[in-house]
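The residues making up each chain are set out below.
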Amino acid sequence: MSLNPRLNNWHGKTVWIVGGSTGIGLSLAKSLVASGAKVINSARKAQALQDWADACNATLKTGTPPRAVALPLDVTNAQAVQAAAQTVLQQGPLDMVVYCAGYYQEMRATGFDLAEVLRHENINYVGALHVLDALLPALLKQAAVVPAHISLVSSVAGFRGLPKSLAYGPTKAALINLAETLYLDLQDLGVAVSVINPGFVDTPLTAPNEFHMPSLISADQAAQEILKGWAKGEFELHFPKKFTHVMKLLRLLPYRLYFPAIRKMTGL
Ligand SMILES: NC(=O)c1ccc[n+]([C@@H]2O[C@H](COP(=O)([O-])OP(=O)(O)OC[C@H]3O[C@@H](n4cnc5c(N)ncnc54)[C@H](OP(=O)(O)O)[C@@H]3O)[C@@H](O)[C@H]2O)c1
């Protein structure tokens, strides 16, 4: 039994991607438009969004209304999120919102930097709360007619504490917990919820990493995995399985085994 309605047919569906100017969000935006959806894409880089929209719309048959819409936005600005959400909702019922905005800088306790920690918190977690605040009443209101789906992009880095993940990891753990709680609260009210936990994906976010990233996949591969997970109606979408299964196993270990295992695997 699937935990969410299966999403196989994107024709006529409207999706708001928050954080799709590059990386996983951008690949997802391209794939969804190619699958027939209308995609509204938000992030700060207005020109990158417009370039994506122009390129996507140019692939549509002449006379077809544009299905790629750029809506620039900074998720840390609650008022801007409210205004953008109103723009999105004015275009008709929303079938899905994907919170993909993310920020990562490695940090260890020995280099604790409060401003950086709060920057992660504001982009990765509080931004998602701004989006929920702006959308939830409308999504609940439309649910009987058009059931919506909220999908939050977290990470395997949210499973447990990891070295160098002091600023990033806790925000991703919070997103997983938030998605679980939203699911319990919204499942019976016609709003589906899913959480996406990727392993390593080759994007601008991971480009500065100097260590070997096991089972690294491309952003396009990640987008295909996400579409597959939504089509199956999964609550948790995680990939690539070769890597995420190991992370899930580590999640089950008692602390006396987990800490030495992580030290051995990372050398930190
Ligand atoms: N790459 C991986 O290995 C990996 C693994 C697990 C999870 N993830 C998660 O996947 C998501 C996408 O990351 P990615 O790897 O594709 O990295 P990315 O290419 O750097 O994408 C991050 C996106 O977030 C947007 N963003 C950042 N700050 C923002 C702000 N203040 N307001 C609005 N948008 C903002 C960026 O757009 P602008 O700069 O234009 O604002 C960009 O579109 C993130 O949540 C990340 O944590 C990535």
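Above this text you will find the structure in question.
The sections below set out a description of the structure shown in this document.

About the thresholds
Residues numbered from 1 in each chain as written. Predicted model: local features only at pLDDT ≥ 70, side-chain atom pairs only at ≥ 80, totals over all residues. Heavy atoms only, no water. Core = buried A, V, L, I, M, F, W, Y, C linked by side-chain atoms within 4.5 Å. Buried < 20%, exposed > 50% of the residue type's maximum accessible area, 1.4 Å probe, protein only. Helix = DSSP H or I, 4+ residues; strand = E, 2+ residues; numbered from the N terminus. Contact = heavy atoms within 4.5 Å. Pairing = 2+ DSSP bridges. Right-handed = clockwise from strand over helix to strand, strands pointing away. Phe/Tyr/Trp six-rings, centres within 6.5 Å; stacked < 30°, edge-to-face > 60°. Lys NZ or Arg CZ within 6 Å of the ring centre and 35° of its normal.

1. Quick word on the nonpolar core
Here's step 1: One finds Trp16 and Leu135 to be the most contacted residues of the largest nonpolar core, which totals 49 residues.
Here's step 2: It is helix H4 (residues 114-142) that provides the largest number of residues to this core, a total of 8 residues.
Here's step 3: Aside from chain neighbours lying at most four places away, what touches leucine 135 is Trp16, Ala85, Leu89, Leu94 and Val97.
Here's step 4: In this structure, Ile24, Cys56, Ala219 and Ile226 belong to the second largest nonpolar core, which totals 34 residues.

2. Focus on the pairing of strand S5 (residues 148-153)
Here's step 1: Counted residue by residue, S5 has 6 buried out of 6 residues, so it is predominantly covered.
Here's step 2: Side chains Ala148, Ile150 and Leu152 project from S5 onto one buried face, and the interleaved His149, Ser151 and Val153 project onto a second face that is buried too.
Here's step 3: Sheet topology note: the strand S4 (residues 96-99)/S5 ladder contains 4 bridges and is parallel. Its bridge partner lying in S5, valine 97 is registered against isoleucine 150.
Here's step 4: Each parallel crossover has a hand, and for S5 linked through helix H5 (residues 169-186) to strand S6 (residues 191-198) it is right-handed.

3. Overview of the packing of aromatic side chains
Here's step 1: Taken as a whole and judged by the stated rule, the model has 7 aromatic pairs.
Here's step 2: When the centroid spacing of 5.4 Å and the interplanar angle of 15 degrees are considered together, the rings of tyrosine 255 and phenylalanine 259 count as stacked. Taken together, the positions of tyrosine 255 and phenylalanine 259, both in helix H8 (residues 255-266) and 4 residues apart, correspond to about one turn of that helix.
Here's step 3: Here tyrosine 255 falls in the exposed class, since its relative accessible area comes to 54%.
Here's step 4: Every member of this aromatic cluster is reached through a ring pair, and the members are Phe200, Phe211 and Phe243.
Here's step 5: It is arginine 119 that lies over the ring of tyrosine 103; its NZ or CZ is 4.4 Å from the centre.
Here's step 6: Just above the ring of phenylalanine 159 sits the side chain of arginine 251; from NZ or CZ to the centre is 4.0 Å.

Keep in mind that these numbers describe shape and distance, not what the molecule does.
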